[in-house]
Amino acid sequence: MSKITGPYRADQVGSLLRTQAIHDARKKKAAGEITDAELKSIEDQEILTIVKKQAEIGLKSLTDGEFRRSWYMHDFFYGLIGIEKVITEAGCKFNACETRPEGIHVSGRVAYNPDHPFFSHFDYLKSVVPEGCVAKMTIPSCAILLDQYVLYGTYPPVKYSNEEEYLLEVAQTYNQTIKEFYRRGCRYLQLDDTTWGGIITVLLSPAPDAVKEAVREKAQRLVRVTNLALEGIPDDLLISLHICRGNYKSDFLFSGAYNCVSEYLAQLNVDGYFLEYDNERAGGFDALEAIAKADTAGKKRVVLGVFTSKEAKLENEDEIKARIDEAAKYFPKERLCLSAQCGFASTEEGNCLTEEEQFAKLSLIVKVAKDVWGSI
């Protein structure tokens, strides 16, 4: 099978607003009013409906909207061996709000789980994606697992003698997991990564030089663990990376231009980058030049997240086209793509807009992509 040419001209990060039926079903399950099987049946039907809607507006990469998850990342981590859910004293503090107080705890050796629930989630998604479209699977990056634990406990985790041992085991766990997704028919996998936003924030802050140097060393470790996780994967598996700056109830977490991390991003062995460029917090497109120069094969794509998933107002088409032309000064226009800067519901709470407004936004992305490139 030949590799998918992607990301697509019009693509999406992955998460979609949970339907009312999903919200109602989860409340009933929590109250003991329905069984796991009944909840799954409702999720199946809602995912089928949402997949059809994505195809109808012209998207080629279709997701399950992450409808079975509460968090885009925690649910995946809970499915790995050696990781447990913990209730924390406080949530993660965003710009203007705070998330639910929940996190992860590495309680044992991290390992691949052959019965990870996300495998069956993908199986169902693949079974309902229509011909001519691709089932896109999204999971949090291994870099988050390497970095996230710092928030919740001693680092490295007590089950490991040193950080290198932990890094290698995380990479191996991901490598096996990714290969299992491939075995089940996955040909488009996206890694969602919040770690780079935090690194950008520190490097652009007035932090001491020693702190910045430590953060640069961490950045290189994140490159290494990601590339190790992708080592030896089949050639026809498309891997994209979404650099997230925080997405919770339409609020954000990080700010700053990509320039200070572009040299690291350019080293990642991925096929495409989803970069958030929905407002001035992301800086200019000149950071793309480092990725273009490092891509000597000329095959990587950059997805410009110049639409926002955080509000309903539709972007001006002419302004978006002008921004594409600006980005093309630093990265070949024929390898640029479009999307919203993030998903519409990184957690089940979702962003502050309606389903109708969400699909209007996605439809506009498809329209502009066709106007600019003639196809998606």
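About the criteria used
- Residues numbered from 1 in each chain as written.
- Predicted model: local features only at pLDDT ≥ 70, side-chain atom pairs only at ≥ 80, totals over all residues.
- Heavy atoms only, no water.
- Helix = DSSP H or I, 4+ residues; strand = E, 2+ residues; numbered from the N terminus.
- Rg over C-alpha atoms; globule rule 2.2 N^0.38 Å.
- Areas by Shrake-Rupley, 256 points an atom, 1.4 Å probe, with all protein chains shown as cover.
- Lys, Arg positive; Asp, Glu negative; His and termini not counted.
- Charge placed at Lys NZ, Arg CZ, Asp CG, Glu CD.
- Core = buried A, V, L, I, M, F, W, Y, C linked by side-chain atoms within 4.5 Å.
- Buried < 20%, exposed > 50% of the residue type's maximum accessible area, 1.4 Å probe, protein only.
- Salt bridge = Lys/Arg side-chain N within 4 Å of Asp/Glu carboxyl O.
- Phe/Tyr/Trp six-rings, centres within 6.5 Å; stacked < 30°, edge-to-face > 60°.
- Lys NZ or Arg CZ within 6 Å of the ring centre and 35° of its normal.
- Contact = heavy atoms within 4.5 Å.
- Axes fitted to C-alpha atoms, helices over the stretch in contact; angles between N-to-C directions.
- Parallel < 35°, antiparallel > 145°, perpendicular 65-115°, else oblique.
- Left-handed = near helix turned anticlockwise from the far one by under 90°.
- Pairing = 2+ DSSP bridges.
- Right-handed = clockwise from strand over helix to strand, strands pointing away.
- Expected span 1.5 Å × (residues − 1).
- Polar contact = N/O pair within 3.5 Å; in protein donor to acceptor, adjacent residues only side chain to side chain.

A. Spatial organisation of the overall build of the protein. A count of helical and extended segments in the protein gives 12 helices and 10 strands. Taken against the 2.2 N^0.38 rule, which gives 21 Å for 376 residues, the C-alpha radius of gyration of the protein at 20 Å falls within 12% of a compact globule. Along the three orthogonal principal directions, the C-alpha set of the protein runs to about 55 × 50 × 45 Å. Element-wise, carbon and sulfur atoms account for 50% of the exposed surface of the protein, whose accessible area totals about 15200 Å². The protein carries 46 positive and 56 negative side-chain charges, and their two centres are separated by 2 Å.

B. Main features of the nonpolar core. Formed by 103 residues in total, the largest nonpolar core has its most connected members in Phe77, Leu145, Leu189, Trp196, Tyr277, Leu304 and Leu338. Counting residues in each nonpolar core, the second largest holds 9 residues, with Ile4, Val13, Phe274 and Cys337 among its members.

C. Here's a closer look at the pattern of salt bridges. Overall, the coordinates contain 28 salt bridges when judged by the stated rule. Residue Asp295 pairs with Arg335 through a salt bridge whose shortest N-O separation is 3.0 Å. In this pair, Asp295 is assigned in the loop between helix 10 (288–294) and strand 9 (301–307) and Arg335 in the loop between helix 11 (317–327) and strand 10 (336–340), connecting sequence segments 40 residues apart. For the pair formed by Asp295 and Arg335, the shared burial category is buried. The residue Lys361 makes a salt bridge to Glu315 at a minimum N-O spacing of 3.2 Å. Here Glu315 lies in the loop between strand 9 and helix 11 and Lys361 lies in helix 12 (residues 355–373), a separation of 46 residues in the sequence. The same class applies to Lys361 and to Glu315, which are both buried.

D. Looking closely at the packing of aromatic side chains. Under the criterion given, the structure shown has 12 aromatic pairs. A centroid spacing of 6.2 Å and a plane angle of 50 degrees characterise the contact between Tyr112 and Phe119, whose relative ring orientation is tilted. Taken individually, Tyr112 and Phe119 each receive the classification buried, so the pair is uniform in this respect. Members of the aromatic cluster, joined through ring pairs, are Phe76, Phe77, Phe118 and Tyr174. Stacked on the ring of Tyr182, the Lys or Arg Arg187 has its end atom at 3.7 Å from the ring centre. Over the aromatic face of Phe252 sits the side chain of Arg281, whose NZ or CZ is 3.9 Å from the ring centroid.

E. Fine view of the environment of Phe77. Mapped onto the secondary structure, Phe77 falls in helix 3 (residues 74–78). Once residues within four sequence positions are removed from consideration, Phe77 is found in contact with Ile83, Ile104, Pro140, Ser141, Ile144, Leu145 and Tyr174.

F. Summary view of the packing of helix 11 against helix 12. Closest axis-to-axis distance for the helix 11/helix 12 pair is 11 Å, and the angle between their directions is 55 degrees. Put simply, helix 11 runs oblique to helix 12. At the point where helix 11 passes helix 12, the crossing takes the right-handed sense. Packed against helix 11, whose contacting residues are Glu317, Ile320, Lys321 and Ile324, the element helix 12 presents Leu364, Lys367, Val368, Asp371, Val372 and Trp373 at the interface.

G. Local environment of the side chain of Thr347. Along the chain, the position of Thr347 falls in the loop between strand 10 and helix 12. Aside from chain neighbours lying at most four places away, what touches Thr347 is Arg18, Ser70, Trp71, Arg100 and Tyr248.

H. Local environment of the pairing of strand 9. The buried count for strand 9 comes to 7 of 7 residues, which makes it a mostly enclosed element. As judged from the 5 bridges shared by strand 8 (residues 272–276) and strand 9, these two strands associate in the parallel manner. Within the sheet, the bridge partner assigned to Tyr273 lies in strand 9 and is Val302. Where the polypeptide runs from strand 8 across helix 10 and back to strand 9, its parallel neighbour, the crossover connection is right-handed. The sheet contact formed by strand 9 and strand 10 spans 4 bridges and is parallel. Looking at the pairing, Phe307 lines up with Ala340 of strand 10. After leaving strand 9, the chain enters helix 11 and then returns to the sheet as strand 10, a path that is right-handed.

I. Spatial organisation of helix 2 (residues 36–56). The end-to-end C-alpha separation of helix 2 is 30 Å, in line with the 30 Å expected for 21 residues at 1.5 Å each. Taken as a whole, helix 2 has its buried residues at Leu39, Glu43, Asp44, Glu46, Ile47, Ile50, Val51 and Gln54. Tucked inside the fold, the buried residues of helix 2 contact helix 1 (20–30), strand 1 (61–62), helix 4 (117–128) and helix 12. Looking at the residues trailing helix 2, positive phi occurs at Gly58, about 105 degrees.

J. Structural view of the side chain of Ser15. With respect to the helices and strands, the residue Ser15 is situated in the segment before helix 1. Within the local environment of Ser15, its side chain forms a polar contact with the backbone nitrogen of Ser346, the two atoms lying 3.5 Å apart. When residues no more than four places from it in sequence are discounted, the contact partners of Ser15 are Gly65, Glu66, Gly343, Phe344, Ala345 and Ser346.

K. Examining unusual backbone geometry more closely. Cis geometry marks the peptide bond from Gly6 to Pro7; its omega dihedral reads 0 degrees. On the secondary structure map, Pro7 appears in the segment before helix 1. Unusually for a residue other than glycine, Glu66 sits at a positive phi of about 60 degrees. For Glu66, the location among the structural elements is in the loop between strand 1 and helix 3. Positive phi, close to 70 degrees, is recorded for Ser250, a residue that is not glycine.

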